[in-house]
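These are the residues of each chain, in order.
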Amino acid sequence: MASASAASVTFRALSKPSLKSNVTSSLKIVSLGWRKNGFPSLRSSQFRISCAAKPETLDKVCEIVRKQLALPAEAELTPESKFSAVGADSLDTVEIVMALEEEFGISVEEESSQNITIVQEAADLIEKLVQKKPEA
């Protein structure tokens, strides 16, 4: 059996290149194979991720992270920035989550907070929790 396969990954920002609004990622995998009977088979699958966080939520998360870690204004902070890469240890991450809870009037469960490692994950979780929050 002869076979060929290919993979393609594309990432594009739908707004300013500096980050902020919607981030779209897609992954397309195609494999092509010929079986003994001579008929080729083609299989394709596509995986697409679209982030739900609003630009203003991302901005606020970045502002809080900068403040908690005392980062200079010129330090680059993107949705993909890992907290550990910008100098946060586990205690800093807990303090960031506490500041986010206070700012947005939400409560983040310990299990969920352990899964937050990048700015985008924090912003997406906040959006989810704010939407679930009962109206006062």
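Above this text you will find the structure in question.
The shown structure was predicted, so the numbers you read here are calculated from the model rather than taken from an experiment. (Residues numbered from 1 in each chain as written. Predicted model: local features only at pLDDT ≥ 70, side-chain atom pairs only at ≥ 80, totals over all residues. Heavy atoms only, no water.)

### A closer look at the packing of helix α1 (residues 55-69) against helix α4 (residues 119-132)
Here α1 crosses α4 at 125°, and the two axes come no closer than 9 Å. The angle between α1 and α4 places the two elements in the oblique class. Seen from above, α1 lies across α4 with right-handed handedness. Counting all contacts with α1, which are made through Thr57, Leu58, Val61 and Cys62, the residues of α4 involved are Val119, Gln120, Ala122, Ala123, Ile126 and Glu127. Within the contact of α1 with α4, the residues separate by chemical class into 7 nonpolar, 2 polar and 1 charged. (Axes fitted to C-alpha atoms, helices over the stretch in contact; angles between N-to-C directions. Helix = DSSP H or I, 4+ residues; strand = E, 2+ residues; numbered from the N terminus. Parallel < 35°, antiparallel > 145°, perpendicular 65-115°, else oblique. Left-handed = near helix turned anticlockwise from the far one by under 90°. Contact = heavy atoms within 4.5 Å. Nonpolar A, V, L, I, M, F, W, Y, C, P; charged D, E, K, R; others polar.)

### Some details on empty space enclosed by the protein
Considering all chains together, one arrives at 1 cavity of 30 Å³ or more under this definition. Estimates place the volume of the largest cavity at around 30 Å³. Every residue along the wall of the largest cavity is listed here: Val97, Leu100, Ile106, Val108, Ile116, Ala122, Leu125, Ile126 and Leu129. Those elements that provide at least two residues to the lining of the largest cavity are α2 (90-104) and α4. By residue class, the composition of the lining of the largest cavity is 9 nonpolar, no polar and no charged. (1 Å grid on protein atoms, 1.4 Å probe; cavity = no way out; pocket = protein on both sides within 12 Å on 5 of 7 lines; lining within 4 Å. Points joined across faces, edges and corners; volume = space filled by probe spheres on them.)

### Remarks on the packing of α1 against α2
The angle between the axes and the distance between the axes are what describe a pair of packed helices. Orientation of α1 relative to α2, taken along the N-to-C sense of each, is 135°, at an axis distance of 10 Å. For the element pair α1 / α2, the angle class is oblique. Crossing of α1 against α2: the hand is right-handed. Side by side, α1 and α2 meet where Thr57, Lys60, Val61, Ile64, Val65, Gln68 and Leu69 of the first sit next to Asp92, Glu95, Ile96, Ala99, Leu100, Glu103 and Phe104 of the second. Considered class by class, the residues forming the contact of α1 with α2 number 8 nonpolar, 2 polar and 4 charged.

### Here's the deal with the pattern of salt bridges
A full pass over the atoms with the stated rule returns 2 salt bridges. Residues Glu63 and Lys60 are paired through a salt bridge, measuring 3.2 Å at the closest nitrogen-oxygen approach. With Glu63 and Lys60 both in helix α1 and 3 residues apart, the pair spans about one turn of that helix. For Lys60, a relative accessible area of 22% corresponds to the partly exposed category. For the salt bridge of Lys60 with Glu103, the shortest nitrogen-to-oxygen distance reads 3.6 Å. Taken together, the residues span a long stretch of sequence, with Lys60 in helix α1 and Glu103 in helix α2 at a distance of 43 residues. It is possible to trace a salt-bridge network through shared partners that takes in Lys60, Glu63 and Glu103. (Salt bridge = Lys/Arg side-chain N within 4 Å of Asp/Glu carboxyl O. Buried < 20%, exposed > 50% of the residue type's maximum accessible area, 1.4 Å probe, protein only.)

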